[in-house]
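# Coordinate inspection notes
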Amino acid sequence: MKTLKKPTLVIATTNLGKMREFREHLGDLQIELADLSAFPDFPEVAEDADSYVENARAKAKAAAVHTGLPALADDSGLEVDALDGRPGVRSARFAVDLGLCTARSDDANNRALLDQLSGLDSVKRSARFRCVLVVAHPDGRECIAQGACEGQIGDRLRGTNGFGYDPVFFEPTIQATFGEIPAAQKRAISHRAVACRDLHSKLVDFLQSPGPQ
Ligand code: ITT
């Protein structure tokens with residue numbers, strides 16, 4: 001019997017925490033997931049747009065053109081209501097933007113955030129993680145999915161699981177930060193989980209359909 005080759009999807013992220021989560025979320029699909037280590041010449045793509053969609057689209061398109069394969073990019077961020085939605089699309093560079101360091105650092109970002117909210121009552125610490133996924137096909141088509149997860153910023157770092165802002169993001173229904181829960185629990189409820197569920201139903205058809213002639 002002839003076996004059909006699985007379609008390949010490049011995951012265009014340099015963030016190992018995100019990569020791990022994508023392998024968990026999309027691992028059950030009949031798709032080969034390739035990371036950027038297979039494409040060491042892929043240049044860094046500037047993420048300087050005002051929206052998650054534009055940033056994710058720019059990266060996904062660049063990866064699809066560079067590799068000749070469909071590519072998925074994620075742009076995500078943390079929106080804190082007391083900071084008028086900041087750091088948002090600038091989440092990765094929060095502490096750098098504040099002049100607190102010169103290179104991106106999760107630890108510096110978390111400390112900067114706790115500092116900015118210092119003394120603020122828990123009811124005023126509402127926040128949400130947002131995730132936008134764009135899959136770009138070399139033939140020019142694209143597929144978009146998104147998700148969000150509501151929570152609060154804690155008053156200290158709690159837990160060492162996950163990555164990025166996970167130790168300061170308190171999810172009220174589980175009464176814990178994402179840094180304190182196992183990966184499987186984050187996988188069920190996170191912003192990336194919601195976005196991946198949205199993507200799941202569209203992805204196999206998207207990768208297999210012939211596209212414009
Ligand atoms: P890419 O290569 O995918 O762009 P990145 O780390 O630069 O990786 P972003 O530009 O999307 O990713 O920045 C997102 C910021 O939000 C960054 O500081 C992440 O650590 C943080 N973040 C995103 N998703 C997160 C999650 O699930 N848990 C904790 N922090 C998260």
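In short, a report on the structure. Not measured: the values here are computed from a predicted model. (Residues numbered from 1 in each chain as written. Predicted model: local features only at pLDDT ≥ 70, side-chain atom pairs only at ≥ 80, totals over all residues. Heavy atoms only, no water.)

Turning next to the site of the ligand. As a matter of local geometry, the ligand sits amid 21 residues, with Thr13, Thr14, Arg104, Asp166 and Lys186 nearest to it. When the ligand is considered free in solution it has 620 Å² of accessible area, and contact with the protein chains removes 99% of it. For the shell around the ligand, the element with the highest residue contribution is strand 3 (residues 71-80), accounting for three residues. Here the shell around the ligand is built from residues that sort into four nonpolar, seven polar and ten charged. (Near = heavy atom within 4 Å. Areas by Shrake-Rupley, 256 points an atom, 1.4 Å probe, with all protein chains shown as cover. Helix = DSSP H or I, 4+ residues; strand = E, 2+ residues; numbered from the N terminus. Nonpolar A, V, L, I, M, F, W, Y, C, P; charged D, E, K, R; others polar.)

The subject of this paragraph is the side chain of Asn55. Counting through the fold element by element, Asn55 comes out in helix 2 (residues 52-67). For Asn55, a relative accessible area of 2% translates into the label buried. Apart from the residues lying within four places of it in its own chain, the contact partners of Asn55 are Glu47, Asp48, Ala49, Asp75 and Val89. (Buried < 20%, exposed > 50% of the residue type's maximum accessible area, 1.4 Å probe, protein only. Contact = heavy atoms within 4.5 Å.)

Another aspect to go through is the nonpolar core. A general feature of soluble globular proteins is that nonpolar side chains tend to end up buried together. If you look at the biggest cluster of nonpolar residues, it comprises 20 residues, and the most contacted ones within it are Leu9, Leu26, Leu72, Leu133, Val135, Leu199 and Leu203. Among the secondary structure elements, those contributing two or more residues to this core are strand 1 (8-11), helix 1 (16-26), strand 4 (126-136), strand 5 (142-153) and helix 6 (191-208). When residues of this core are assigned to their parent elements, the largest contribution, six residues, is made by helix 6. In terms of nonpolar packing, the next biggest core, distinct from the first, is built from 19 residues, Leu78, Leu113, Ala127 and Phe129 among them. (Core = buried A, V, L, I, M, F, W, Y, C linked by side-chain atoms within 4.5 Å.)

Two numbers describe how helix 1 lies on helix 6: the axes approach to 10 Å, and their chain directions differ by 45°. Relative to helix 6, helix 1 is oriented oblique. The handedness of the crossing between helix 1 and helix 6 is right-handed. Listed contacts from helix 6 to Lys18, Glu21, Phe22, His25 and Leu26 of helix 1 are Arg192, Ala193, Cys196 and His200. Counted by class, the contact of helix 1 with helix 6 contains four nonpolar, two polar and three charged residues. (Axes fitted to C-alpha atoms, helices over the stretch in contact; angles between N-to-C directions. Parallel < 35°, antiparallel > 145°, perpendicular 65-115°, else oblique. Left-handed = near helix turned anticlockwise from the far one by under 90°.)

Take a probe with the size of a water molecule and roll it over the atoms, and the empty space left behind shows itself. Here the largest pocket is characterised by a volume of approximately 710 Å³. Secondary-structure elements contributing two or more residues to the lining of the largest pocket are helix 1, strand 3, helix 4 (106-116) and helix 6. Per-element accounting of the lining of the largest pocket gives the leading share, four residues, to strand 3. In this structure, the second largest pocket occupies an estimated 160 Å³ of space. Lining the second largest pocket we find 14 residues, and of these Arg20, Glu21, Gly162, Ala183 and Lys186 sit closest to its centre. Residue assignment for the lining of the second largest pocket shows that the elements contributing at least two residues are helix 1 and helix 5 (183-189). Among the elements that make up the lining of the second largest pocket, the one with the highest residue count is helix 1 (five residues). Broken down by class, the residue content of the lining of the second largest pocket amounts to four nonpolar, five polar and five charged. (1 Å grid on protein atoms, 1.4 Å probe; cavity = no way out; pocket = protein on both sides within 12 Å on 5 of 7 lines; lining within 4 Å. Points joined across faces, edges and corners; volume = space filled by probe spheres on them.)

On to helix 1, then. Taken residue by residue, helix 1 has Gly17, Lys18, Met19, Glu21, Phe22, His25 and Leu26 as its buried positions. Buried positions along helix 1 lie against strand 1, strand 2 (32-35), strand 3, strand 4, helix 5 and helix 6.

Once that is clear, we can look at the pairing of strand 4. Moving residue by residue along a regular strand, the side chains alternate between the two faces of the sheet. Counting buried positions over the eleven residues of strand 4 gives nine, a clear majority of the element. Sheet topology note: the strand 3/strand 4 ladder contains ten bridges and is antiparallel. Counted as the bridge partner of Leu72 is Val135 from strand 4. The pairing of strand 4 with strand 5 spans eleven bridges and is antiparallel. The partner of Cys131 across the bridge, within strand 5, is Gly147. Between strand 4 and strand 5, which pair antiparallel one after the other, the connecting turn spans five residues, and Gly140 there sits at a positive phi close to 105°. (Pairing = 2+ DSSP bridges.)

In short, shape yes, function no, at least from these values alone.
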